[in-house]
Amino acid sequence: GSVAVILPAAGSGSRFGDEENKLFALLRGRSLWMHAAETLIRRQEVGQILLAVAPCDRERFEQQLLELPHSDRFRIVEGGDQRSDSVAAALAEVNRMPAPATDEEAVDGLPPRIEWVAVHDAARPLVRDSDLDAVFAHVGHSRAAILATPVTGTLKRSCPAISGGSLFESETINGITFDRRGMWVAQTPQVFHLDLIRQAYQRHRGRSATDDAELVERMGHPVALVPGAADNLKITYPEDLLVAEALLSERLK
Ligand code: CTP
Ligand code: MG
């Protein structure tokens, strides 16, 4: 396990609309966040998982954590106001305490140091092992690799210059159709060499970003796009949970 996974889980789920964090909504009888957490902690390349949580949710995460395998390999850190603050807080903890080693790995009693960081939205429960295989295999060459899917819809862009600065104004008049070839939707996990992602966060400290790869790109470092399954969806609205429930039942048939 030379990979540390950062699971940002410190949001409030405002678009989901529940009173509590959407990550506690049940998917097949288990909290939403536990699905990806279990898939990831079972991977042999993953040495530890840093779960970034809001202070008000901490106790609940701590308790639910005990139901997962290898719960001793998780660490809970305090998240921040923006997703990027939560990732930055977790990033600061990587290698601060040695990751517990599995028996095969412990050389001279010393656990391996973390070299890679994978950031994965706790709100993406359906990530597949085959996609994890692909993105972990790729990052060795490029130092930065993310899962992404080709855009399927027809893209329009409203032109603020024509529509007087309003993005939503009369798209039929001001809209411009983009060529979608070569356009991708970013997913997670996004995997980086530890030094690279630390440097990116250092350089863009305080600026908020919803996409970690963007910070790496801004340093001029290329990020490889690894085609992933389209069903690695992020639960944002309540209807996404219905879709996830259906997809999971189909998979477990
Ligand atoms: N996240 C986080 N810290 C924040 C905001 C978000 O760790 N300050 C996490 C969320 O918990 C989620 C992931 O980042 O696992 C993706 O964010 P999103 O889907 O936007 O979740 P929320 O911010 O909780 O939802 P919303 O934007 O609707 O409020
Ligand atoms: Mg959000």
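As the structure is a prediction and not an experimental result, all values here were calculated from the model.

Asker: Looking at this model, I keep getting lost on the site of ligand 1. Mind explaining?
Answerer: For ligand 1, the set of nearby residues contains 22 residues, the closest of which are Pro 8, Gly 11, Ser 14, Arg 15 and Ser 86. Per-class residue counts for the shell around ligand 1 are eight nonpolar, nine polar and five charged.

Asker: I'm lost on the sheet that holds strand β4 (residues 46–53) in this one. Help?
Answerer: Strand pairing in a sheet takes place through backbone hydrogen bonds and is either antiparallel or parallel in direction. Ordered in space as β5-β4-β1-β6-β10-β7-β11, the seven strands form an open sheet in which the pairing is mixed. Strand pairing shows two members of the sheet lacking a second neighbour, β5 (74–78) and β11 (224–227), which therefore form its edges. Taking the axes of each pair of neighbouring strands and ignoring which way they run, one obtains an average angle of 25° across the sheet. Judged from the six bridges that link them, strand β7 (residues 144–150) and strand β10 (residues 184–193) form a sheet pairing that is antiparallel. In the sheet register, Ile 146 faces β10, and the bridge partner there is Gln 190. Contacts between helix α3 (residues 83–91) and the sheet are confined to β1 (3–8), β4, β5 and β6 (116–119), with β1 contributing the most and set at about 150° to the helix. Strand contacts of helix α4 (residues 129–142): β6, β7, β10 and β11, with the helix running at about 135° to β7, the strand carrying the most contacts.

Asker: Sorry if this is basic, but what is going on with the UniProt feature "site: Positions MEP for the nucleophilic attack" (unreviewed entry) in the protein here?
Answerer: The UniProt entry lists Arg 180 and Lys 234 under the feature "site: Positions MEP for the nucleophilic attack" (unreviewed entry), expressed in the numbering used here. Inspection of the secondary structure assignment puts Arg 180 in the loop between β9 (175–177) and β10. When residues no more than four places from it in sequence are discounted, the contact partners of Arg 180 are Val 151, Thr 154 and Leu 155. Relative to the helices and strands, Lys 234 resides in the loop between β11 and α8 (238–251). Not counting chain neighbours up to four residues away, the residues in contact with Lys 234 comprise Asp 121, Ala 123 and Arg 124.

Asker: I tried to follow unusual backbone geometry on my own but got confused; where do I start?
Answerer: Negative phi characterises most residues that are not glycine, and trans characterises most peptide bonds. Cis geometry is adopted by the peptide bond preceding Pro 189, which originates at Thr 188 and carries an omega value of 5°. One can find Pro 189 in strand β10. Of note, the phi angle at Arg 28 is positive, near 50°, even though the residue is not glycine. Turning to its location among the elements, Arg 28 is positioned in the loop between β2 (26–27) and β3 (30–31). The backbone phi angle of His 70 is positive, close to 55°, even though this residue is not glycine. Locating His 70 in the fold gives a position in the loop between α2 (58–65) and β5. On the basis of neighbour counts, which here come to 16 C-beta atoms within 10 Å, the residue His 70 falls in the partly exposed class.

Asker: Just to check I follow, could you spell out the UniProt feature "site: Transition state stabilizer" (unreviewed entry) in the protein for this structure?
Answerer: As annotated by UniProt and renumbered to match this structure, "site: Transition state stabilizer" (unreviewed entry) occupies Arg 15 and Lys 22. Position of Arg 15 among the secondary structure elements: in the loop between β1 and β2. Filtering out sequence-adjacent residues up to four positions away, Arg 15 remains in contact with Thr 236 and Tyr 237. Inspection of the secondary structure puts Lys 22 in the loop between β1 and β2. Setting aside anything within four residues of it in sequence, one finds Lys 22 in contact with Gly 13, Phe 16, Leu 32, Ala 123 and Ile 235.

Asker: I would appreciate a short explanation of the nonpolar core in the present structure.
Answerer: One recurring pattern in soluble globular proteins is that nonpolar side chains are buried together. Among the nonpolar cores identified, the biggest contains 57 residues, and Ile 6, Leu 7, Ala 9, Ala 52 and Val 117 are the most heavily contacted of them. Here this core takes seven residues from helix α1 (residues 32–41), the largest share from any one element. Once residues lying within four places of it in the same chain are set aside, the contact partners of Ala 9 are Leu 23, Trp 33, Leu 51, Ala 52, Val 53, Phe 61 and Ala 122.

Asker: I'm lost on the environment of Ala 134 in this one. Help?
Answerer: Structurally, the position occupied by Ala 134 is in helix α4. Given 17 C-beta atoms within a 10 Å radius, Ala 134 is considered partly exposed. For the pair Ala 134 and Gly 228, spaced 94 residues apart in sequence, the C-alpha to C-alpha distance is 8.3 Å.

Conventions we followed
Residues numbered from 1 in each chain as written. Chains lettered and ligands numbered in written order. Predicted model: local features only at pLDDT ≥ 70, side-chain atom pairs only at ≥ 80, totals over all residues. Near = placed C-beta within 6 Å. Nonpolar A, V, L, I, M, F, W, Y, C, P; charged D, E, K, R; others polar. Pairing = 2+ DSSP bridges. Helix = DSSP H or I, 4+ residues; strand = E, 2+ residues; numbered from the N terminus. Axes fitted to C-alpha atoms, helices over the stretch in contact; angles between N-to-C directions. Contact = placed C-beta atoms within 7 Å. UniProt positions renumbered as here; feature names shortened; annotations may be inferred. Buried ≥ 20, exposed ≤ 12 C-beta atoms within 10 Å, placed from the backbone. Core = buried A, V, L, I, M, F, W, Y, C linked by C-beta atoms within 7 Å.

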